[in-house]
Amino acid sequence: MEYLLIFISAIFVNNIVLSQFLGICPFLGVSKKIDTALGMAAAVAFVLTLSTIVTYLLQRFVLDAFELGYLQTITFILVIAGLVQMVEIILKKVSPALYQALGVFLPLITTNCCILGVAILVIQKDFDLLTGVIYAFSTALGFGLALVLFAGMREQMSLSAIPKGMQGTPIALLTAGLLAMAFMGFSGVDKGLSALLGI
């Protein structure tokens, strides 16, 4: 039941983009079409889950064992950069269309603070490996949900008559703010669920 609570909390209550404001660059950059949003969400989910496993193991068995905790950030960044390169190579071979669609935004996963943030949060919250992986995957699903919802809204807005001064970035930021406010409606759901389940 604890895993269910982490799952719901990471997706809805503490959404990494709309509540903690991590991963804003790809959220705004890749959200013009649902297809590219889905591709980015899948790539982020893969990299986020895999990087959490690798960084957790590095932290526990290398950095903590040899008292090299001060190298955490640089080590995590290098691991994430390596995994993104791997994803880029795989996408180029498996799905060239998606690779072309993501374009410059694929390397953005390297600098996506959402991935580094989750890797560090797993260590700070002192999760075990399974809990950390569930948290990372749930966070990736929350990121994907926010990204796809936002992309759908932006596609719909492209068909609407929007005043000239609000077109482009202004309406996108206003819509993102409204979406974040909508997700605030989930606050307290995790506490209510934990009380209901007796956790």
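Given the structure is predicted, the values throughout are model-derived calculations rather than measurements. (Residues numbered from 1 in each chain as written. Predicted model: local features only at pLDDT ≥ 70, side-chain atom pairs only at ≥ 80, totals over all residues. Heavy atoms only, no water.)

### Observations concerning the packing of aromatic side chains
Both the distance between ring centres and the angle between the ring planes are used here to describe each pair of aromatic rings.
Logical step 1: Within this structure, the stated rule accounts for 4 aromatic pairs.
Logical step 2: Aromatic pair Phe12 and Phe186: ring centres 4.9 Å apart, planes at 45°, arrangement tilted. Here Phe12 is found in helix H1 (residues 2-13), whereas its partner Phe186 is found in the loop between helix H9 (169-184) and helix H10 (189-197), with 174 residues between them in sequence.
Logical step 3: The exposure class of Phe12 is partly exposed, given its relative accessible area of 28%.
Logical step 4: On the basis of relative accessible area, Phe186 is assigned to the partly exposed category, the value being 31%.
Logical step 5: For the ring pair Phe127 and Tyr135, a centre distance of 5.5 Å and an interplane angle of 55° mean the geometry is tilted.
Logical step 6: Residue Phe127 is classed as buried on the basis of its relative accessible area of 15%.
Logical step 7: Every member of this aromatic cluster is reached through a ring pair, and the members are Phe12, Phe183 and Phe186. (Phe/Tyr/Trp six-rings, centres within 6.5 Å; stacked < 30°, edge-to-face > 60°. Helix = DSSP H or I, 4+ residues; strand = E, 2+ residues; numbered from the N terminus. Buried < 20%, exposed > 50% of the residue type's maximum accessible area, 1.4 Å probe, protein only.)

### Section: the pattern of salt bridges
Logical step 1: One pass over the structure, following the stated rule, counts 2 salt bridges.
Logical step 2: For the salt bridge of Asp64 with Arg60, the shortest nitrogen-to-oxygen distance reads 3.1 Å.
Logical step 3: A salt bridge links Asp126 to Arg60; the shortest N-O distance between them is 3.2 Å. One end of the pair, Asp126, is in the loop between helix H7 (113-124) and helix H8 (129-158); the other, Arg60, is in helix H3 (residues 34-63), and 66 residues separate them in sequence.
Logical step 4: The class of Asp126 is exposed, set by a relative accessible area of 58%.
Logical step 5: Arg60 gets classed as partly exposed once you look at its relative accessible area, which sits at 24%.
Logical step 6: Residues participating in the shared-partner salt-bridge network are Arg60, Asp64 and Asp126. (Salt bridge = Lys/Arg side-chain N within 4 Å of Asp/Glu carboxyl O.)

### A few points about the environment of Thr36
Logical step 1: For Thr36, the position within the fold is in helix H3.
Logical step 2: In this structure the C-alpha to C-alpha distance between Thr36 and Leu48, which are 12 residues apart in sequence, comes to 18 Å.
Logical step 3: Excluding its chain neighbours within four sequence positions, the residues that come into contact with Thr36 are Val30, Ala101 and Leu102. (Contact = heavy atoms within 4.5 Å.)

### Notes on the nonpolar core
Logical step 1: Formed by 51 residues in total, the largest nonpolar core has its most connected members in Leu18, Phe27, Ile109 and Tyr135.
Logical step 2: Going through the elements one at a time, H1, H3, helix H4 (72-94), helix H5 (96-102), H7, H8 and H9 are the ones with two or more residues in this core.
Logical step 3: When residues of this core are assigned to their parent elements, the largest contribution, 10 residues, is made by H3. (Core = buried A, V, L, I, M, F, W, Y, C linked by side-chain atoms within 4.5 Å.)

Geometry only, nothing functional implied.
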